[in-house]
Amino acid sequence: MSTDYLEKQVSDLKDQHLFNNILTIESAIGPEIVINGKKVLNFCSNNYLGLANNPKLKAAAIAAIKKYGIGPAAVRTIAGTTSLHKKLEEKLARFKKAEAVITFQSGFSANLAVIPALVGEGDLIFSDELNHASIIDGCKLTKAEVIRYAHINPKDLEAKLNKASKKAKKLVITDGVFFDGR
Ligand SMILES: Cc1ncc(COP(=O)(O)O)c(C=O)c1O
């Protein structure tokens, strides 16, 4: 089979300046990182509290590697849940005053896992029109009908909720933090 269509997709992305060149970091993660041998400021990681390079956490990670190895060698649901995962989740649940916590490797995987667990066929999802791609994809994995409401607009949401079937199970979903540029 010809793969010309893939070449075309890549060249279209390049033409639209949408082609993602993934950067390679050659240093420890911090406010400054090295890319192509050059020190640059890093504004695009999630290392808000500087934990990626915290000496206490590094020492704990090294101790954990000595005891458990470099990874559980299976996904959590098969044979990859260690006592370390449980300890972390119990601590987080106490911190959040929640019944229980489950951790995921990324925000994307959390939304892909959690949304389809909450709703399914015959249910309704009300989703902010500017929700993150992971929420949009999580909604697509359900068989629920997705109704988009206007961005940060509770009046539009309310109108759409009022119009919806009273019987259907409903999930309203929005990002936790939105920048309202108005
Ligand atoms: C609001 C929101 N949800 C989900 C994600 C996805 O998180 P991750 O990059 O950990 O997959 C992001 C990432 O920036 C985000 O900003």
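Notes on the structure in this doc start here. Just so you know, these numbers come straight off a predicted model, no measurement behind them. Sequence order as written defines the numbering, with residues in each chain counted from 1. Thresholds applied to this predicted model are a pLDDT of at least 70 for local features of residues and 80 or more for the giving and counting of side-chain atom pairs; totals over whole chains, interfaces and linings are not thresholded and use all residues. Neither water nor hydrogens contribute to the side-chain values; these are computed over all heavy atoms in the structure.

## Description of the overall build of the protein
And then number 1: Of regular secondary structure, the protein possesses 6 helices and 5 strands.
And then number 2: Note on method: radius of gyration uses C-alpha positions; expected globular size equals 2.2 Å times residues raised to 0.38. The C-alpha atoms of the protein give a radius of gyration of 21 Å, which is well past the 16 Å a tight globule of 182 residues would have.
And then number 3: Projected onto its principal axes, the C-alpha coordinates of the protein cover approximately 55 × 50 × 45 Å.
And then number 4: Only protein chains enter the accessibility calculation, which uses a 1.4 Å probe; a residue whose area is less than 20% of its type maximum is buried, one above 50% is exposed, and one in between is partly exposed. When each of the 182 residues of the protein is scored for burial, the buried share is 18%.
And then number 5: Taking contacts inside the protein between residues at least 6 apart in sequence as the whole, the part at least 24 apart equals 39%.
And then number 6: Surface exposure here means Shrake-Rupley accessible area, sampled with a 1.4 Å probe, where a residue is shielded only by the protein chains that are shown. Entry remark: accessible area of the protein is about 14400 Å², with carbon and sulfur atoms responsible for 60%. Helix numbers and strand numbers start at the N terminus; a helix is a DSSP run of H or I with at least 4 residues, a strand a run of E with at least 2. For this analysis, residues touch if any pair of their heavy atoms sits within 4.5 Å.

## What to know about the layout of surface pockets
And then number 1: By volume, the largest pocket is sized at about 1400 Å³.
And then number 2: The pocket and cavity definitions rest on a 1 Å grid over protein atoms only: a 1.4 Å probe that fits but cannot leave marks a cavity, an open set with protein on both sides within 12 Å along at least five of seven lines marks a pocket, and residues lining either have an atom within 4 Å of a point. Along the wall of the largest pocket there are 33 residues; nearest its centre are R76, L84, H85, L88 and T103.
And then number 3: Among the secondary structure elements, those contributing two or more residues to the lining of the largest pocket are helix 2 (55–68), helix 3 (83–96) and helix 4 (107–118).
And then number 4: With 7 residues, the top contributor of residues to the lining of the largest pocket is helix 3.
And then number 5: Mapping the lining of the largest pocket onto the domain boundaries places at least three of its residues in each of domain 2 (55–96) and domain 3 (107–173). Grid points are joined across faces, edges and corners, and a volume is the space filled by probe spheres set on the points. The split of the chain into domains comes from an automatic or database domain assignment.

## A short note on the packing of helix 4 against helix 5 (residues 133–140)
In a pair of packed helices, the angle between the axes and the distance between the axes together describe the arrangement.
And then number 1: One way to put it is that helix 4 packs onto helix 5 with a least axis distance of 8 Å and a crossing angle of 30°. Judged by the angle between their axes, helix 4 and helix 5 are roughly parallel. For the pair helix 4 and helix 5, the sense of crossing is right-handed. Across the interface between the two elements, G107, F108, N111, L112, I115 and P116 from helix 4 touch A133, S134, I135, D137, G138 and C139 from helix 5.
And then number 2: Looking at the contact of helix 4 with helix 5 residue by residue, the class counts come to 7 nonpolar, 4 polar and 1 charged. With axes taken as lines fitted to C-alpha atoms, and helix axes fitted only over the stretch in contact, angles between N-to-C directions fall between 0 and 180 degrees. Under this scheme an angle from 65 to 115 degrees is roughly perpendicular, one under 35 degrees roughly parallel, and one over 145 degrees roughly antiparallel; angles in between are oblique. Crossings are sorted by hand: turned counterclockwise from the far helix by less than a right angle, the near helix makes the crossing left-handed, and turned clockwise it makes it right-handed. Throughout, the ten residues Ala, Val, Leu, Ile, Met, Phe, Trp, Tyr, Cys and Pro are labelled nonpolar, Asp, Glu, Lys and Arg are labelled charged, and all others, Gly among them, are labelled polar.

## A look at the sheet that holds strand 4 (residues 145–149)
And then number 1: Two strands qualify as a pair provided that DSSP identifies no fewer than 2 bridges between them. A sheet is described by the order of its strands in space; here 3 strands give the open sequence 4-3-5, paired in parallel fashion. The two strands at the open ends of the sheet, each matched to only one other strand, are strand 4 and strand 5 (170–173). Each strand axis lies, on average, 20° off the axis of its neighbour in the sheet, ignoring direction.
And then number 2: Sheet topology places strand 3 (residues 124–128) next to strand 4; 5 bridges connect them, and they run parallel. By the bridge assignment, D128 is partnered in strand 4 with Y149.
And then number 3: Contacts between helix 6 (residues 154–163) and the sheet are confined to strand 3, strand 4 and strand 5, with strand 4 contributing the most and set at about 145° to the helix.

## Remarks on the nonpolar core
And then number 1: Counting residues in hydrophobic clusters, the biggest one holds 8 residues: I115, V119, I125, I135, C139, A144, L171 and I173.
And then number 2: Where this core is concerned, the elements lending two or more residues are helix 5 and strand 5.
And then number 3: Every residue in contact with I135, bar those within four places of it in the chain, is listed here: N111, I115, S127, I173, T174 and D175.
And then number 4: Counting residues in hydrophobic clusters, the runner-up holds 7 residues, among them I147, Y149, A164 and A168. In this description, a nonpolar core means a group of buried Ala, Val, Leu, Ile, Met, Phe, Trp, Tyr and Cys residues linked to one another through side-chain atoms lying within 4.5 Å.

## Let's talk about the site of the ligand
And then number 1: Residues are labelled near a given molecule or strand when at least one of their non-hydrogen atoms is within 4 Å of it. Taken together, S106, G107, F108, H132, S134 and D175 are the residues near the ligand.
And then number 2: Within 3.5 Å is the distance limit for a polar contact, defined as a pair of N or O atoms, with the added protein rule that one can donate a hydrogen and the other accept it, and that residues adjacent in sequence qualify only through two side-chain atoms. Within the backbone of G107, an N or O atom sits 2.8 Å from an oxygen atom of the ligand.
And then number 3: For the ligand, an oxygen atom lies 2.9 Å from a polar atom in the backbone of F108.
And then number 4: For the ligand, whose unbound accessible area comes to 390 Å², protein coverage reaches 55%.
And then number 5: Considered class by class, the residues forming the shell around the ligand number 1 nonpolar, 4 polar and 1 charged.

## A closer look at the packing of aromatic side chains
Each aromatic ring pair is characterised by the separation of its centres together with the angle its planes make.
And then number 1: A pair of Phe, Tyr and Trp rings is counted when the ring centres sit within 6.5 Å of each other, with Trp represented by its six-membered ring. The angle between the planes then sorts it: under 30 degrees is stacked, over 60 is edge-to-face, the rest tilted. The final tally for this structure, using the stated rule, is 0 aromatic pairs.
And then number 2: A cation over an aromatic ring shows up here: K14 above the ring of F19, its NZ or CZ 4.7 Å from the ring centre. Lysine NZ or arginine CZ positioned within 6 Å of the ring centre and within 35 degrees of the ring normal marks a charge as sitting over the ring.

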